[in-house]
Structures are given as structure tokens and as C-alpha cells.
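# Descriptive structure summary
Single-letter residue listing:
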Amino acid sequence: MFSNYGTPMETLFKGILMLAACSGCYLVWWGVAFYPERHVPLWLSGILLVATAACGIMAVNWMAQGIFQAEKVRAGIPVGWILAGGVIGYVVLLVISNIIFHRMVTTELFLIIGWAVLNLITVDTLYASGLFSAGVSVAFVVLTLVVVVASLYCYMIYYELETWKGYIDGFLPLVMVGIVMLVLAGGMFWRK
């Protein structure tokens, strides 16, 4: 499919689609496991969570393979800088959310920042490989940052919301991430 760009782009494309599927599995798990006023069997929640984790692990694996094997035709931002920015951002947000706002730290903060870092590295790779122009890359960077800010807002207010509002609030970041991943995959397919 990406014959001009090689197998690494196909692997990256598969990983992006798998991350969208992971978001979908996470949505199903959240919907079942946290549905207000109804308790589901632990085995069902466990199966859905394992499916979500399996999709996520496959997605990150395929995306990492595509990222590190992609042929670069122009300079991008060094991956180390993006990773360092993610670590610094995570630590700063951890301190702000926990110490200043007294928000209990949960896995979601790590997932939000991890997704942002992975997505920024992916967009940088697509730019460096020549598949995305500077303008398209900037648009995806802005879109990523908007989703991160919106997701962090949902993260910060979750425990202050009533039951049903909190339930809906938990869906929003997953829907946004899923949409961004599908749009990114569509951008790759259209640009090829």
C-alpha cells in the first residue's frame, strides 16, 4: 500500500489503526465496568481489560517498529527530545494534579502523556519520511495538543462530577483519541 515509503510505513499504519481499536476496546471496557448502578461480573470486565491491553501493546509495538525503521528523507525533531519533553511534562503534571489540586493520581495521566508522546513522534516520523508536509504535520501536532488539554481537563474534574456526568467524562478522552488515530490513518492513506 505504501510502496513508495516501504514496509515500515505499512507497519506504522497498522499500529495507528490498532491504537484506534485499542481506544474502542477501552471505551467498551469503561462502558461496561463503570456503568452507574449496575455491577458486571469481574470476569467480563477482566476479559475486556485484557483485550484493551493486548490491542495497546500490539499498537505500540507496530508503531515503534514503523517509527524506528522508517527511512527519513529530511530532518525531524529528535525522538529523544520528544521523549524528554514527555517525561518532564508527566512529572510536572503529576506534581500539579496531586500536590496542588489534590487529585488522586491514576493510570490515565500516564496514558494521556504516553499517547501524546507517541503521537508526536509518529507525526514527526511521517514528516521526516516525506509522507506529511510541514503544514499537515503542524495541523496534527495542534490537534494532538488540543486533545491532550481536553483530556487533562476531563482527568482533573472526574472526581468532582456526579455519577452519570463522571461516567460520560470518562468516555470523552477515549473518543477523542480514537478519532485522532483514525484521522491520522486517513491522512496517511490519502497522502500515500
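See the structure above.
Below is a summary of the structure that appears in this document. Quick caveat: nothing in here was measured; it's all calculated off a predicted structure.

Attention now moves to helix H3 (residues 79–100). Its 22 residues give H3 an end-to-end C-alpha distance of 31 Å, which sits within 8% of 32 Å, the value for a rise of 1.5 Å per residue. Taken together, the buried positions of H3 are Ile82, Gly86 and Ser97. Seen end-on, H3 carries its buried residues on one side only, within an arc spanning 45°. In H3, those exposed residues whose orientation departs by more than 90 degrees from the buried face are Trp81, Val87, Ile88, Ile99 and Ile100. In this fold, the buried residues of H3 make contact with helix H4 (107–128) and helix H5 (134–157). Where H3 terminates, the next one or two residues include His102, which has phi positive at roughly 55°.

Let us now look at the nonpolar core. Ranked by size, the top nonpolar core spans 37 residues in total, and within it Trp115, Met181 and Met188 carry the most contacts. Broken down by secondary-structure element, the contributors of at least two residues to this core are helix H1 (7–33), helix H2 (42–69), H4, H5 and helix H6 (163–191). Considering every element that reaches this core, the biggest residue donor is H4, with 10 residues. With residues near it in sequence (within four places) discarded, Met181 still touches Ile16, Leu19, Ala20, Met63, Trp115 and Asn119.

Turning our eyes to something else, we now look at the state of the cysteines. For the structure shown, the criterion picks out zero disulfides. Counting only cysteine sulfurs, Cys55 is the nearest neighbor of Cys22, a cysteine outside any disulfide, at a range of 5.9 Å. Free of any disulfide, Cys25 has its nearest cysteine sulfur in Cys55, 3.8 Å distant.

Reading the values: the criteria
- Along every chain, residues carry numbers that run from 1 in the direction the sequence is written.
- Per-residue local features of the predicted model are confined to residues with pLDDT of at least 70, and side-chain atom pairs are confined, for both listing and counting, to 80 or more; whole-chain, interface and lining totals are unaffected and use all residues.
- In computing side-chain values, all of the structure's heavy atoms are included and hydrogens and water are not.
- A run of H or I in DSSP counts as a helix once it spans at least four residues, and a run of E counts as a strand once it spans at least two, with each numbered from the N terminus.
- Between the first and last residue of a helix there are one fewer steps than residues, each counted as 1.5 Å, and that sum is the expected span.
- Relative accessibility decides the category of a residue: with a 1.4 Å probe and only protein chains considered, values under 20% of the type maximum give buried, values over 50% give exposed, and everything between is partly exposed.
- The arc in question is formed by the directions pointing from the helix axis toward the C-beta atoms.
- Only heavy atoms matter for contacts: two residues are in contact if any of them lie within 4.5 Å across the pair.
- For our purposes a nonpolar core is just a set of buried Ala, Val, Leu, Ile, Met, Phe, Trp, Tyr and Cys residues, chained together by side-chain atoms within 4.5 Å.
- In plain terms, two cysteine sulfur atoms within 2.5 Å form what is called a disulfide here.

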